[in-house]
Amino acid sequence: MTVIPGKARLGQWRAVMQGEALELAPGWQAVAQASVTALEARLATGEALYGVNTGFGKLAGTRIGPAQLAQLQLNLLRSHAAGTGPLLPAPVVRLVLGLKAASLARGASAIRPAVIEALLALLAADILPAIPARGSVGASGDLAPLAHMALLLIGEGEAFQGDRVLRGPEALAAAGLAPFALGPKEGLALLNGTQVSTALALAGLFAAEDLLRTALVAGAMSVDAARGSDTPFDVRIHALRGQPGQIRVAAALRELLAGSQIRESHREGDPRVQDPYSLRCQPQVAGACLDLLGQAAQVLEREANAVTDNPLVVGDEVLSGGNFHAEPVAFAADTMALALAELGAISERRIALLTDPVLSGLPAFLVRDGGVNSGFMIAHVTAAALTAENRALAVPRSTDSIPTSANQEDHVSMATGAALRLHDMADNLAGILSIELLAAAQGLEFHRPLQSAHSIEAAHGLVREAAAAWDADRAMAPDIAAVKALVERGRFAALVEIA
């Protein structure tokens, strides 16, 4: 797959994350080399250029002599490789390499084409640097994790090729590379930027998009399991409000429920006037979540294409600024966290509804012979626990700035932590939705021989491929895990389209 630096689409980055090969459109090498030449010309004048012939951060006032410029870049990488915690997962590291290469290729970073080509070679060989997940505050970019990435280029650090652990020189050799001696700004260009926080946020976005579609399938199944109404999804209701996400979700729910025999069976003579909000207000809640994800997607697409290191070489000028500050990414991650938390919260309420015989009209806890059997009682408790954890994780991170670098970097974004927590939230939401899918599938079976709509019956079939009907108590955890595996593979998400 070929991308144009600065013009890649989110679908292309998703493909890179999933393992597709990445190439940059022809012509970028000349642009990149021009910035190197421009920097060399400015350096020859003897002027002070931040991070090129000066120290970093609070040490920016310290001039570095020409004989020490190479050592400056080398020391930078080594000293900044101070990350900790678990390693970033391979799909995220693939994104980091791709994003960094595309950003540097835009020709404002004064880094040789050969260094950029080395990043692409590592990606092509699936040799992925070992990058600790924690250690970045999201300004001056993702310094610590990107330093761990860059260590590999000088023959240090570690990498993975599948399950195989490779030391730095071995990893480079496997990709047909030799260790680099870095030029005057190359170390700084490699570790300055928002590529780690952006990669984490993109991975969170892609997971959230799939989980939102899964939530619509589960929600529609719960509507039929509880013999709910499809009137709240009427196009006229949502047109009068005009919220685009709400309109699109309502349309998806109408499509999911179209042709259900269960719905037709109680269209007349049903004594209930209105359904609980967790059924009735799905377009309003999931639609608002869809709008948040759409806004985040726009921000992240721009950021994925951005140049975010410092200083920048523009024409023959060297400009010192702050594009490394990841506030846009932090805000996008925080809003996505709200969406993940709310999708889980309303799903948990639907599980509670289905297990409550007063609200659902179904057997208590969705099992016959209740008392001897507890059915879905504790499965709902598990969903409640996951929901509570996601509520806590949804607290904004962008407002929690901590000054660093002796107060030179006195306001930071916390974008990396904001994006990192999305992965735990997505995992929790997948668990909640898996429990709802199991509960709703069980609920549908109490209405047999009536059939639900085609897509809902397809979802029911997926559930039953993974877990048998609940006739008597057994361990629930294997069933949840089996359905969750299908959720994470996008099997339920594939059953619905959102216009």
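Since the model is a prediction, treat every value here as computed from it, not as a measurement.

*Asks:* Looking at this model, I keep getting lost on the overall build of the protein. Mind explaining?
*Replies:* Assigned secondary structure in the protein consists of 20 helices and 9 strands. Taking the principal axes of its C-alpha atoms as reference, the protein extends roughly 90 × 50 × 45 Å. Within the span of the protein, comprising 499 residues, buried residues form 55% of the whole. For the protein, restricting intrachain contacts to residue pairs at least 6 apart in sequence, the fraction spanning at least 24 positions comes to 79%. Element-wise, carbon and sulfur atoms account for 56% of the exposed surface of the protein, whose accessible area totals about 19,800 Å². Side chains of the protein give 38 positive and 49 negative charges; the mean places of these two sets differ by 2 Å.

*Asks:* What is the right way to look at the pattern of salt bridges in this model?
*Replies:* Where side chains of opposite charge bring their charged atoms close, a pairing between them can arise. Under the definition given, this model contains 23 salt bridges. Between R78 and E156 there is a salt bridge whose closest N-O contact spans 2.6 Å. Of this pair, R78 sits in helix α3 (residues 69-80) while E156 sits in the loop between α6 (143-151) and β6 (158-161); the two residues are 78 residues apart in sequence, bridging distant segments of the chain. Residue classification places R78 among the partly exposed residues on the basis of a relative accessible area of 41%. E156 gets classed as partly exposed once you look at its relative accessible area, which sits at 24%. Taking the shortest distance from any N to any O, the salt bridge between D234 and R236 comes out at 2.7 Å. The network of salt bridges with common partners includes R14, E209, D210 and R213.

*Asks:* Please clarify how the nonpolar core should be interpreted in this entry.
*Replies:* General note: in soluble globular proteins, nonpolar side chains tend to be found buried as a group. W13, L190 and L202 are the most contacted members of the largest nonpolar core, which totals 160 residues. Element by element, the count of residues in this core is highest for helix α9 (residues 195-225), at 19 residues. Setting aside residues no more than four positions away along its own chain, L202 makes contact with L10, W13, L95, L99, L300 and A304.

*Asks:* When you look at the packing of α9 against helix α15 (residues 327-355) in this model, what are you seeing that I'm missing?
*Replies:* In helix packing, the relevant descriptors are the interaxial angle and the interaxial distance, both defined with respect to the helix axes. Look at α9 against α15: their axes get within 10 Å of each other, and the N-to-C directions meet at 20°. Taken together, the axes of α9 and α15 lie roughly parallel to each other. Considering how the two elements wind past one another, α9 and α15 form a crossing that is left-handed. Here S197, T198, A201, G204, L205, A208, L211, L212, A215, G219, S222 and A225 of α9 lie close against α15, whose contacting residues are V329, M336, L340, L343, R350 and L354.

*Asks:* In this structure, what is going on with helix α4 (residues 90-104)? I would like to understand it.
*Replies:* Spacing of three or four residues puts side chains on the same side of an α-helix, whose turn is 3.6 residues. For α4, which comprises 15 residues, the first-to-last C-alpha distance of 21 Å matches the rise-based estimate of 21 Å (1.5 Å per residue) to within 8%. When you tally the buried positions in α4, you get 13 out of 15 residues, the bulk of the element.

*Asks:* I'm lost on a nonpolar patch on the surface in this one. Help?
*Replies:* A grouping of M377, I378 and V381 is seen on the molecular surface, where their side chains present a nonpolar patch of about 250 Å² in accessible area. Inspection of the secondary structure puts M377 in helix α17 (residues 377-393). By relative accessible area, which is 33% here, M377 ends up partly exposed.

*Asks:* What should I look at first to understand the side chain of N390 in this one?
*Replies:* Tracing the backbone shows N390 in helix α17. According to the relative accessible area criterion, N390 is buried, its value standing at 1%. Not counting residues up to four positions away in its chain, the partners in contact with N390 are L340, A341, D424, M425, N428 and L429.

*Asks:* Please clarify how the sheet that holds β6 should be interpreted in this entry.
*Replies:* In sheet architecture, strand pairing relies on hydrogen bonds along the backbone and comes in two forms, parallel and antiparallel. One open sheet accounts for 3 strands, arranged β4-β6-β7; its pairing is antiparallel. The open sheet has two edge strands with one neighbour each: β4 (128-129) and β7 (164-167). Pairing of β4 with β6 involves 2 bridges; the strand directions are antiparallel. The residue of β6 that forms the bridge with P129 is A159.

*Asks:* Could you clarify how one ought to interpret α15 in this entry?
*Replies:* Between the first and last C-alpha of α15 there are 42 Å, a value that for 29 residues agrees with the 42 Å anticipated at 1.5 Å per step. Counting buried residues in α15 gives 23 out of 29 residues, a clear majority hidden from the surface.

*Asks:* Is there a simple way to think about the environment of R164 in this case?
*Replies:* Inspection of the secondary structure puts R164 in strand β7. In this structure R164 comes out as partly exposed when scored by relative accessible area, which is 43%. Taking the C-alpha atoms as reference points, R164 and S413, separated by 249 residues in sequence, lie 35 Å from one another. Look past the residues within four positions of R164 in its chain and what remains in contact with it is A159 and E170. A polar atom in the side chain of R164 sits 3.0 Å from the side chain of E170.

*Asks:* I tried to follow the environment of I480 on my own but got confused; where do I start?
*Replies:* Its location among the elements puts I480 in helix α20 (residues 477-488). Along the primary structure I480 and F365 are separated by 115 residues, whereas in three dimensions their C-alpha atoms are 16 Å apart. When sequence neighbours within four positions are dropped, the list of residues in contact with I480 reads G431, S434, I435 and L438.

*Asks:* Where do I start with unusual backbone geometry in this structure?
*Replies:* Glycine aside, negative phi is the norm for most residues, and most peptide bonds take the trans geometry. Of the consecutive residues N310 and P311, the connecting peptide bond is found in the cis state with omega at -5°. Looking at the element boundaries, P311 is found in the loop between α14 (282-304) and β8 (312-314). P449 follows R448 through a cis peptide bond whose omega is 15°. Relative to the assigned elements, P449 resides in the loop between α18 (415-445) and α19 (454-466). Phi at R227 is positive, roughly 55°, even though this residue is not glycine. Here R227 is to be found in the loop between α9 and α10 (235-241). Residue R227 is classed as partly exposed on the basis of its relative accessible area of 29%. A positive phi angle, close to 55°, is found at F365, a residue other than glycine.

Quick notes on the rules
- Residues numbered from 1 in each chain as written.
- Predicted model: local features only at pLDDT ≥ 70, side-chain atom pairs only at ≥ 80, totals over all residues.
- Heavy atoms only, no water.
- Helix = DSSP H or I, 4+ residues; strand = E, 2+ residues; numbered from the N terminus.
- Buried < 20%, exposed > 50% of the residue type's maximum accessible area, 1.4 Å probe, protein only.
- Contact = heavy atoms within 4.5 Å.
- Areas by Shrake-Rupley, 256 points an atom, 1.4 Å probe, with all protein chains shown as cover.
- Lys, Arg positive; Asp, Glu negative; His and termini not counted.
- Charge placed at Lys NZ, Arg CZ, Asp CG, Glu CD.
- Salt bridge = Lys/Arg side-chain N within 4 Å of Asp/Glu carboxyl O.
- Core = buried A, V, L, I, M, F, W, Y, C linked by side-chain atoms within 4.5 Å.
- Axes fitted to C-alpha atoms, helices over the stretch in contact; angles between N-to-C directions.
- Parallel < 35°, antiparallel > 145°, perpendicular 65-115°, else oblique.
- Left-handed = near helix turned anticlockwise from the far one by under 90°.
- Expected span 1.5 Å × (residues − 1).
- Patch = residues over 30% accessible without salt bridge, like charges linked within 9 Å, V, L, I, M, F, W, Y side chains within 5 Å.
- Pairing = 2+ DSSP bridges.
- Polar contact = N/O pair within 3.5 Å; in protein donor to acceptor, adjacent residues only side chain to side chain.

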